[in-house]
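Commentary on secondary and tertiary structure
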Amino acid sequence: MYISETRGADAAKGGVSGRGATMRALSGNVLALGVVSLLTDISSEMVTAILPLYLFYQLSLNPAQFGLLDGLYTGATAVLRLVGGHVADRFRSRKLVAAAGYGLSAVVKLGYLVAGRSVPLLGFMIGLDRTGKGLRTAPRDAMISLSAPPEAQGRAFGVHRAMDTAGALMGPLAAFGVVALVGAAYDAVFVVSFCVAVLGVLVLMLFVREPGGAARERPKVSLKDSVALLRDRPYRRVLIAMLPLAVATVSDSFLYLVLQRSAGLDAGWLPLLPVAVSAAYLAAAVPFGRLADRVGRSMVVIGGYAALLACYVLLLVPASPVILVVVLLLRGLSYAATDGVVSALAGPLLPEERRATGLAVVQTGQALGLMVASWAFGVLWSAQGSRAAVMVMTGALCLALAVAVPLLRKAQA
């Protein structure tokens, strides 16, 4: 197990062989956390795959209402990422905080059964589900970062995200299979999702170790110490750069709805659209992680958002089966170049004892930006139509890249 105390991102360019660094990135913790995420993503993506179908077609929500719930799903509990990160660092209990988040998300799957067709209750359950994600994400990423050497951060996160995405690939297929088997009885999807999520919690508790030694061996981190992170210029540049990029990111649920309607697909195929995204993400996660360690993580992140921009541009051209597939693949490649790579970029800029908190701040900014993006896109769609909404987000992403590119380059200079 490796503990990284190096702050400089230059370590990412160290002279280690690709194979050797990859093997060192594959600690037991990284693999175990990958299995936890695989199982959890099967569970969560089963629900995510059917939510647009359920809310948009069965409950007949309009785009603005759907955007409100979708924004809640991605960002309304974002502040709890800060709570989870700070508590994990302060009490040296990253594993327990992550377990609480995974456990809450598992229980909520049964809560969807209670909510039924009540939109307010569904919104509440969605909020609780995202609360669980908010609590677990930063402690989990901190454990990954602290379980790999500085020069292999991209590889470690690439391996983890590949396993995570394998679950995201299987989740919609599982949901599609359950719906095909029992019809539109979505209760069955929620029950199966709950069972898979419980398996993920068990793997976490049995096989993941707390990195960095026992809590009593190190001093507790105060809130003042955490706020002091913002004084670090490279870290602050990453944080500021990610905010406008998140605000300009269309949620996957809206992306799938735009594609389904523009291509004239039957609504029953909607749960399968995420499969192509997950397949591209799965194929590219590890290679992009290696590339990030070799050429610079900031460059890979910039490339990921350039792929997302291309995705938006293709949404504005006449729909065809080829365009549909290319858009989904580009979205998957964008995820592979940004999701874990942002954590790999920010992690080594942070001291070990405050790593969960620092990552939580970045992730909170992203989650709040995504929430605003969903609300704005839903309102724009309701007022002007989906094409106009995509055009506005395309322009916003161009502006966001103009702000973010110089900041990200300097962060890893």
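What counts and what doesn't
Residues numbered from 1 in each chain as written. Predicted model: local features only at pLDDT ≥ 70, side-chain atom pairs only at ≥ 80, totals over all residues. Heavy atoms only, no water. Helix = DSSP H or I, 4+ residues; strand = E, 2+ residues; numbered from the N terminus. Buried < 20%, exposed > 50% of the residue type's maximum accessible area, 1.4 Å probe, protein only. Contact = heavy atoms within 4.5 Å. Areas by Shrake-Rupley, 256 points an atom, 1.4 Å probe, with all protein chains shown as cover. Salt bridge = Lys/Arg side-chain N within 4 Å of Asp/Glu carboxyl O. 1 Å grid on protein atoms, 1.4 Å probe; cavity = no way out; pocket = protein on both sides within 12 Å on 5 of 7 lines; lining within 4 Å. Points joined across faces, edges and corners; volume = space filled by probe spheres on them. Nonpolar A, V, L, I, M, F, W, Y, C, P; charged D, E, K, R; others polar. Domains from an automatic or database assignment. Expected span 1.5 Å × (residues − 1). Bend = angle between axes of the 7 residues up to and from the residue. Axes fitted to C-alpha atoms, helices over the stretch in contact; angles between N-to-C directions. Parallel < 35°, antiparallel > 145°, perpendicular 65-115°, else oblique. Left-handed = near helix turned anticlockwise from the far one by under 90°. Polar contact = N/O pair within 3.5 Å; in protein donor to acceptor, adjacent residues only side chain to side chain. Core = buried A, V, L, I, M, F, W, Y, C linked by side-chain atoms within 4.5 Å.

1. A few points about the overall build of the chain
- Helix and strand counts for the chain come out as 16 helices and zero strands.
- Considering the chain as a whole, with its 413 residues, one finds that 58% of them fall into the buried category.
- By sequence separation, contacts in the chain at least 24 residues apart represent 86% of the contacts at least 6 residues apart.
- Summed over all atoms, the accessible surface of the chain reaches about 15,400 Å², with 69% contributed by carbon and sulfur.

2. Observations regarding the pattern of salt bridges
- Counted under the stated rule, the structure contains eight salt bridges.
- Here Asp339 ties to Arg161 by a salt bridge, and the two come within 3.3 Å at their closest N and O atoms. In this pair, Asp339 is assigned in helix α14 (residues 321–346) and Arg161 in helix α7 (residues 153–182), connecting sequence segments 178 residues apart.
- Judged by relative accessible area, Asp339 falls into the partly exposed class, the value being 33%.
- Take Arg161: its relative accessible area is 3%, and that puts it in the buried class.
- Taken together, the shared-partner salt bridges in this structure form one network comprising Arg140, Asp141, Arg161 and Asp339.

3. Regarding empty space enclosed by the protein
- In this structure the tally under the stated criterion is five cavities of 30 Å³ or more.
- For the largest cavity, the calculated volume is near 1,200 Å³.
- Every residue lining the largest cavity is counted, 46 residues in all, and those nearest its centre are Lys133, Asp252, Tyr335, Asp339 and Leu370.
- At seven residues, α14 tops the list of elements feeding residues into the lining of the largest cavity.
- Partitioning the lining of the largest cavity into residue classes produces 16 nonpolar, 16 polar and 14 charged.
- Taken together, domain 1 (28–211) and domain 2 (221–412) each give at least three residues to the lining of the largest cavity, which thus spans both.

4. Considerations on the side chain of Ser343
- Among the structural elements, Ser343 can be located in helix α14.
- Ser343 gets classed as buried once you look at its relative accessible area, which sits at 5%.
- Not counting chain neighbours up to four residues away, the residues in contact with Ser343 comprise Asp141, Phe157, Arg161, Pro348, Leu359 and Gln363.

5. Re helix α6 (residues 119–146)
- In this model, α6 (28 residues) spans 41 Å end to end at C-alpha, consistent with the 40 Å of a helix rising 1.5 Å per residue.
- Bending of α6 peaks at approximately 30 degrees at the position of Arg136, with proline Pro139 no more than four residues after it.
- Burial analysis of α6 places 22 of its 28 residues in the buried class, the great majority of the element.

6. Quick look at the packing of α14 against helix α15 (residues 355–384)
- Viewed as axis vectors pointing N to C, α14 and α15 meet at an angle of 140 degrees, and their least axial separation amounts to 10 Å. The angle between α14 and α15 falls in the class oblique. Pair α14 / α15 crosses with right-handed handedness. In this structure, α14 contributes Val342, Ser343 and Ala346 to the contact, and α15 contributes Leu359, Val362, Gln363 and Gln366.

7. Thoughts on the side chain of Gln260
- Along the chain, Gln260 turns up in helix α11 (residues 252–263).
- Looking at Gln260, its side chain comes within polar contact range of the main-chain oxygen of Leu265, at 2.8 Å.

8. Re the nonpolar core
- Membership of the largest hydrophobic core comes to 105 residues, with the highest contact counts inside it found for Leu55, Phe377 and Leu397.
- Per element, the largest residue contribution to this core is 16 residues, and it comes from helix α2 (residues 28–58).
- When residues are assigned to domains, this core turns out to be shared by domain 1 (28–211) and domain 2 (221–412), each giving three or more.
- If we ignore the near neighbours within four places in the chain, the residues touching Phe377 are Val250, Phe254, Val258, Ser386, Ala389, Val390 and Met393.

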